[in-house]
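Spelled out from the first residue to the last, the chains are:
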Amino acid sequence: MKILIASGGSGGHIFPAIALAEELKSKDGSAEILFVGSDKALDRRIFEKEGFEVLTGSTGREGLALYREANPDIVFLDVKLPDKNGMEILKEIKEINREAIVVIITAFGGIESAVKAIKEGAYDYIEKPFEFDAIKITVNRALETVRLKKEVRELRKEKGSR
């Protein structure tokens, strides 16, 4: 499993990240995470300790380039990035892979922006400051969705080879 987290916001969310890392251990040990934001070094250590491979980026363009290279299973994308709006990045990711699971995160949310994000193809929309339980539920649900999609593809492939 691969996870991409693109966040242009400042620090202050490290404690949920620590608890989240303890709850989200990759079953197959191949999860990949990308952080785009100012807490990169600390987040890297926390998630690497739990067996995740961590990529980091600092802008929307860099996050998009890393998405293209790594093809992560889950993307966490902040609306406010230094160079581009996260909603633009969401559209670009969906053009690359319409089935990409993208979770929008923002400190500047509201019902209208949440509805827009979902209409644009976001898997979920989470407002900062994060509630640990909301993040945990979203990530676990998204990882389960990824696992089930992979299982369906494998079963279809198996069925087709008979």
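One can find the structure itself at the top, above this paragraph.
Figured I'd write up the structure that's included with this text. Because the structure is predicted, anything quoted here is derived from the model rather than measured. (Residues numbered from 1 in each chain as written. Predicted model: local features only at pLDDT ≥ 70, side-chain atom pairs only at ≥ 80, totals over all residues. Heavy atoms only, no water.)

1. Let's talk about the nonpolar core
- Core analysis: the largest hydrophobic core is formed by 17 residues, its most contacted members being L77, L90, I93, V102 and I104.
- Listed by contribution, the elements that provide at least two residues to this core are α3 (60–70), β4 (74–78), α4 (86–96), β5 (101–106) and α5 (111–119).
- Per-element accounting of this core gives the leading share, four residues, to α4.
- The contacts of L90, once residues within four sequence positions are left out, are L77, V102, I104, A117, E120, G121 and A122.
- The next biggest cluster of nonpolar side chains, apart from the first, holds eleven residues, and it includes F76, F130, L143 and V146. (Core = buried A, V, L, I, M, F, W, Y, C linked by side-chain atoms within 4.5 Å. Buried < 20%, exposed > 50% of the residue type's maximum accessible area, 1.4 Å probe, protein only. Helix = DSSP H or I, 4+ residues; strand = E, 2+ residues; numbered from the N terminus. Contact = heavy atoms within 4.5 Å.)

2. With respect to the packing of aromatic side chains
- Under the definition given, this model contains zero aromatic pairs.
- Over the ring of F108 we find K80, and its NZ or CZ is 5.1 Å from the ring centre. (Phe/Tyr/Trp six-rings, centres within 6.5 Å; stacked < 30°, edge-to-face > 60°. Lys NZ or Arg CZ within 6 Å of the ring centre and 35° of its normal.)

3. A word on the pattern of salt bridges
- On inspection of all chains with the given rule, the structure shows six salt bridges.
- Of the charged contacts, one joins E99 and K149 as a salt bridge, the two residues approaching to 3.7 Å between their closest N and O atoms. Remark: K149 occurs in helix α6 (residues 132–160) and E99 occurs in the loop between α4 and β5; sequence separation between them is 50 residues.
- Residue E99 is classed as partly exposed on the basis of its relative accessible area, which comes to 40%.
- For R147, the salt bridge goes to E144, with nearest N and O atoms at 2.6 Å. Of this pair, R147 and E144 both sit in helix α6, three residues apart, which is roughly one turn of that helix.
- Of the residues examined, E144 reaches a relative accessible area of 32% and is grouped as partly exposed.
- Connected through shared salt-bridge partners, E144, R147 and E151 make up one network. (Salt bridge = Lys/Arg side-chain N within 4 Å of Asp/Glu carboxyl O.)

4. Thoughts on the packing of α3 against α4
- Relative to each other, α3 and α4 sit at 15 degrees, their axes nearing to 11 Å. Relative to α4, the element α3 lies roughly parallel. Judged by the sense of rotation from one axis to the other, the crossing of α3 with α4 is right-handed. Here G60, R61, L64, Y67 and R68 of α3 lie close against α4, whose contacting residues are I89, E92, I93 and I96.
- Its residues placed into classes, the contact of α3 with α4 shows five nonpolar, one polar and three charged. (Axes fitted to C-alpha atoms, helices over the stretch in contact; angles between N-to-C directions. Parallel < 35°, antiparallel > 145°, perpendicular 65-115°, else oblique. Left-handed = near helix turned anticlockwise from the far one by under 90°. Nonpolar A, V, L, I, M, F, W, Y, C, P; charged D, E, K, R; others polar.)

5. Digging into the pairing of β4
- For β4, the tally of buried residues reaches five of five residues, placing the bulk of the element in the interior.
- Sheet topology places β4 next to β5; five bridges connect them, and they run parallel. Residue pairing across strands places I74 opposite I101, the latter belonging to β5.
- Note that the unit made of β4, α4 and β5 has a crossover that is right-handed. (Pairing = 2+ DSSP bridges. Right-handed = clockwise from strand over helix to strand, strands pointing away.)

6. What about unusual backbone geometry?
- The phi dihedral of N71 falls on the positive side, at around 50 degrees, and the residue is not glycine.
- The topology assignment puts N71 in the loop between α3 and β4.
- Taking the relative accessible area as the measure of exposure, N71 reaches 44% and is therefore partly exposed.

7. A closer look at the environment of L64
- If you trace the backbone, L64 turns up in helix α3.
- L64 sits 29 residues away from I93 along the chain, and the two C-alpha atoms are 7.2 Å apart.
- Ignoring any residue separated from it by four or fewer positions in sequence, one finds L64 in contact with I89, E92, I93 and I96.

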